[in-house]
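One letter stands for each residue in the lines below.
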Amino acid sequence: MTGQERSEEKSECVSLSPMMEAVPAPPESERVCVFGTGDLGRSLGLRLLQAGYGVVFGSRRPHSRSSLLPHGAQVLGHAAAAQSAHLIFIAVQREHYDFLVPLANQLKGKVLVDLSNNLRKNQYPEANAEYLQSLVPGAEVVKGFNTLSAWSLQNGPSDANRQVYICGESVEAKQAVIAVATKLGFSALDQGFLSVARELEDFPLQLFPQWRLPLRISIGLSAAFFFYLLIRYVIYAYVTQGEDISFRIMVSLANQVCPIVSLIMLSLCYLPGVLASFLQLYRGTKYRRFPNWLDRWMLCRKQLGLLSLGFAFLHVLYTLIIPIRSIRENRTTMFDTTTAWHDDSYLSLGILGFGLYVLLGITSLPSVINALSWREFSFVQSKLGHLTLLLCTAHTYLYGWNRFLSSSTYKWYTPPGYMLCLVLPSVVLLLKLLLITPCVDRTITRIRQGWERGADQRNPKDSQPLIP
């Protein structure tokens, strides 16, 4: 044996602190190994230590890495670390998997948990976990923990990142990984065989998958109403009166677009639930799937509501910077009680509606949702949600006041933007009013409790009372 080989063998026994040599090593069943001393590997090691596991880090340079690792962990060379535990976490990138090939004998029969991700989809012909299995055929490779960040591992699971997806060929290996994930406070979901690894590796690369449709709707509505109002106000004033009011585009025009888009998107948030109720009422059963377009629409209601709240916030901010009070103070007209009632009612409904808007946004936070019962959450999101829609719709109706019948309102024979945005919320409220009538509500409640129309005729014996 050469002097260099002896020095490498000695380096494999370096520990994080001098006191570690006096501490008895935990049994192999409670000891895990982590290959990789980067942010992800260190965070995972810290979390494992906090959960009571003995942690051994495998590193190319154990001496230089010892000061960076969590207190209480051992750091050894790769070969010694691989022999010290049955479960090994591979927290390195695919480009550095080559060091595992010489360790094939030490890794035989071990469980390797691949935590790697790629920079883009379809970066390699096969999944990283499948590539790792080909390099070390004697080991049992499990894909998992790749959807967690170093921050979430270090600070513990939260509502937004509690789930851990795993896949692999060996049932025993997956059960071992699930046991570790459960002890760390995560909820492990078995996704099947290792062929699913590519889907798990693509999952962190998704960019706002649930937000795409709501964002497209909000951008489309904003652009459509912006150009519509631009034509009705700015271009109309320039063509008919020769007046340049283009300066109103930045604040006044934007302040008209934001509430219009906000009210329409709030209506779109509650319209799919109303349509689903009528569809169940028409079918007479709840045991049939909704159409794909309706199912997708209902899944993005939260995002629609949050974007609607964002536009409402912009409307409030724009309103605060418009000098309404200074304009009113310069008026020379006499005080009118009717106008005062209109103005105060209009502002009061807007304030109440925005307050409920904010309440709906707060109750959509995961931490708040977990503190509410299902009945409380349903009351806030459904009952108060429709009340918010009612207040905001009434606020817009009062904004129009008596201008609905004025011919000067219809410039170039086109209705104003606030009049167009009232169509959808009015329809939603009318349909909801039909659903809460006693006869309709009773039928829908029975359907959602499992009753099916025509079931008694199909199974007459089921409808007969039992005779003791």
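All values derive from a computational prediction rather than experimental measurement. (Residues numbered from 1 in each chain as written. Predicted model: local features only at pLDDT ≥ 70, side-chain atom pairs only at ≥ 80, totals over all residues. Heavy atoms only, no water.)

Caption draft 1: Inspection of the overall build of the chain at higher detail. For the chain, the helix and strand inventory stands at 20 helices and eight strands. Sequence-distant contacts in the chain: of pairs separated by 6 or more residues, those separated by 24 or more amount to 73%. As presented, the chain carries roughly 26600 Å² of accessible surface, and 60% of it is formed by carbon and sulfur atoms. (Helix = DSSP H or I, 4+ residues; strand = E, 2+ residues; numbered from the N terminus. Contact = heavy atoms within 4.5 Å. Areas by Shrake-Rupley, 256 points an atom, 1.4 Å probe, with all protein chains shown as cover.)

Caption draft 2: Up close: the pattern of salt bridges. Tallied over the entire structure, the rule returns seven salt bridges. Residues glutamate 201 and lysine 143 are paired through a salt bridge, measuring 3.0 Å at the closest nitrogen-oxygen approach. Placement of glutamate 201 in helix α8 (residues 197-202) and of lysine 143 in strand β6 (residues 140-143) is noted, with a sequence separation of 58 residues between them. For the pair glutamate 201 and lysine 143, a shared accessibility class is recorded, and that class is buried. Linked through salt bridges whose partners overlap, the residues forming this network are Asp114, Lys143 and Glu201. (Salt bridge = Lys/Arg side-chain N within 4 Å of Asp/Glu carboxyl O. Buried < 20%, exposed > 50% of the residue type's maximum accessible area, 1.4 Å probe, protein only.)

Caption draft 3: Region of interest: a positive patch on the surface. The grouping of Lys121, Arg212, Arg216 and Arg296 at the surface amounts to a positive patch. Positionally, arginine 296 belongs in helix α11 (residues 292-299). (Patch = residues over 30% accessible without salt bridge, like charges linked within 9 Å, V, L, I, M, F, W, Y side chains within 5 Å. Lys, Arg positive; Asp, Glu negative; His and termini not counted. Charge placed at Lys NZ, Arg CZ, Asp CG, Glu CD.)

Caption draft 4: Examining the side chain of aspartate 114 more closely. By the secondary structure assignment, aspartate 114 is in strand β5 (residues 111-114). Exposure remark for aspartate 114: the relative accessible area of 0% places this residue in the buried category. Only 3.3 Å separates the side chain of aspartate 114 from the backbone nitrogen of alanine 129, close enough to count as a polar contact. The contacts of aspartate 114, once residues within four sequence positions are left out, are Ile90, Tyr97, Asn128, Ala129, Leu132, Val142, Lys143, Gly144 and Glu201. (Polar contact = N/O pair within 3.5 Å; in protein donor to acceptor, adjacent residues only side chain to side chain.)

Caption draft 5: Quick peek at a negative patch on the surface. Negative charge collects at one region of the surface, where Glu130, Glu140, Glu169 and Glu172 lie side by side. Considering the arrangement of structural elements, one finds glutamate 169 in the loop between β7 (163-168) and α7 (171-183). Looking at glutamate 169, the relative accessible area reads 45%, which means it is partly exposed.

Caption draft 6: View of the packing of aromatic side chains. Going through the model one piece at a time under the given rule, you end up with 14 aromatic pairs. Ring centres of phenylalanine 226 and phenylalanine 227 lie 5.5 Å apart, and the angle between their planes is 80 degrees; this geometry places the pair in the edge-to-face category. Overall, phenylalanine 226 belongs to the partly exposed group, its relative accessible area being 27%. Their ring planes at 85 degrees and their centres at 5.0 Å tell us that phenylalanine 313 and phenylalanine 354 sit as a pair that is edge-to-face. Of this pair, phenylalanine 313 sits in helix α12 (residues 301-321) while phenylalanine 354 is found in helix α14 (residues 337-363), placing the two residues 41 residues apart along the sequence. Through pairs of rings, three or more aromatic residues link up here, namely Tyr346, Tyr397, Tyr399, Phe404 and Tyr418. In this structure, arginine 446 is placed above the aromatic ring of tryptophan 451, and the distance from its NZ or CZ to the ring centre is 4.4 Å. (Phe/Tyr/Trp six-rings, centres within 6.5 Å; stacked < 30°, edge-to-face > 60°. Lys NZ or Arg CZ within 6 Å of the ring centre and 35° of its normal.)

Caption draft 7: Structural context of the sheet that holds β7. Reading across from one edge, β3-β2-β1-β4-β5-β6-β7-β8 is the order of the eight strands in this open sheet, with mixed pairing throughout. A strand with exactly one partner marks an edge of an open sheet, and here the two such strands are β3 (74-76) and β8 (187-190). Each strand axis lies, on average, 30 degrees off the axis of its neighbour in the sheet, ignoring direction. Where strand β4 (residues 87-90) and β5 come together, four bridges link them in parallel fashion. Each bridged residue has a counterpart across the sheet, and for isoleucine 88 the counterpart in β5 is leucine 112. Contacts from helix α2 (residues 39-50) reach β1 (31-35), β2 (54-58) and β4, with the element oriented near 160 degrees to β2. Docked against the sheet, α7 engages β4, β5, β6, β7 and β8, running at close to 165 degrees with respect to β7. (Pairing = 2+ DSSP bridges. Axes fitted to C-alpha atoms, helices over the stretch in contact; angles between N-to-C directions.)

Caption draft 8: The arrangement of the pairing of β7 in detail. Within β7, five of the six residues are buried, which leaves the element mostly enclosed by the surrounding structure. When β6 meets β7, the two strands line up antiparallel, connected through two bridges. Bridging across to β7, valine 142 finds its partner in glycine 168. Chirality of the crossover, the property in question, places the unit of β7, α7 and β8 among those that are right-handed. (Right-handed = clockwise from strand over helix to strand, strands pointing away.)

Caption draft 9: Region of the structure containing a nonpolar patch on the surface. A cluster of nonpolar side chains, namely Ile231, Ile235, Tyr238, Val239 and Trp412, defines an oily patch on the protein surface of about 500 Å² accessible area. Examined against the element boundaries, isoleucine 231 turns out to sit in helix α9 (residues 212-241).

Caption draft 10: Just α11, in detail. Leu294, Trp297 and Met298 are the residues of α11 that are buried. Projected onto a plane normal to the axis of α11, the buried residues spread over an arc of 95 degrees and lie on a single side. Summarising the geometry of α11, the exposed residues directed more than 90 degrees from the buried face are Asn292 and Leu299. At its buried positions, α11 is contacted by α10 (252-283) and α12. (Arc of directions from axis to C-beta.)

Caption draft 11: View of the pairing of β2. Across the five residues that make up β2, a large majority, five, are buried. Here β2 shows a buried face lined by Gly54, Val56 and Gly58 and a second buried face lined by Val55 and Phe57. Pairing of β1 with β2 involves five bridges; the strand directions are parallel. Pairing of phenylalanine 35 across the sheet is with glycine 58, part of β2. Read from β1 through α2 to β2, the crossover connection turns out right-handed. With three bridges joining them, β2 and β3 adopt parallel strand pairing. By the bridge assignment for β3, phenylalanine 57 is matched with valine 75.

Caption draft 12: Summary view of the packing of α10 against helix α18 (residues 423-435). Across the interface, α10 lies against α18 with an axial gap of 9 Å and an inter-helix angle of 30 degrees. Once α10 is placed against α18, the crossing between them reads as left-handed. Residue-level inspection shows Leu263, Ile264, Ser267, Leu268, Tyr270, Leu271, Val274, Ser277 and Phe278 of α10 in contact with α18, the latter providing Leu424, Pro425, Val428, Leu431, Lys432, Leu434 and Leu435. Of the residues that constitute the contact of α10 with α18, the class distribution is 13 nonpolar, two polar and one charged. (Left-handed = near helix turned anticlockwise from the far one by under 90°. Nonpolar A, V, L, I, M, F, W, Y, C, P; charged D, E, K, R; others polar.)

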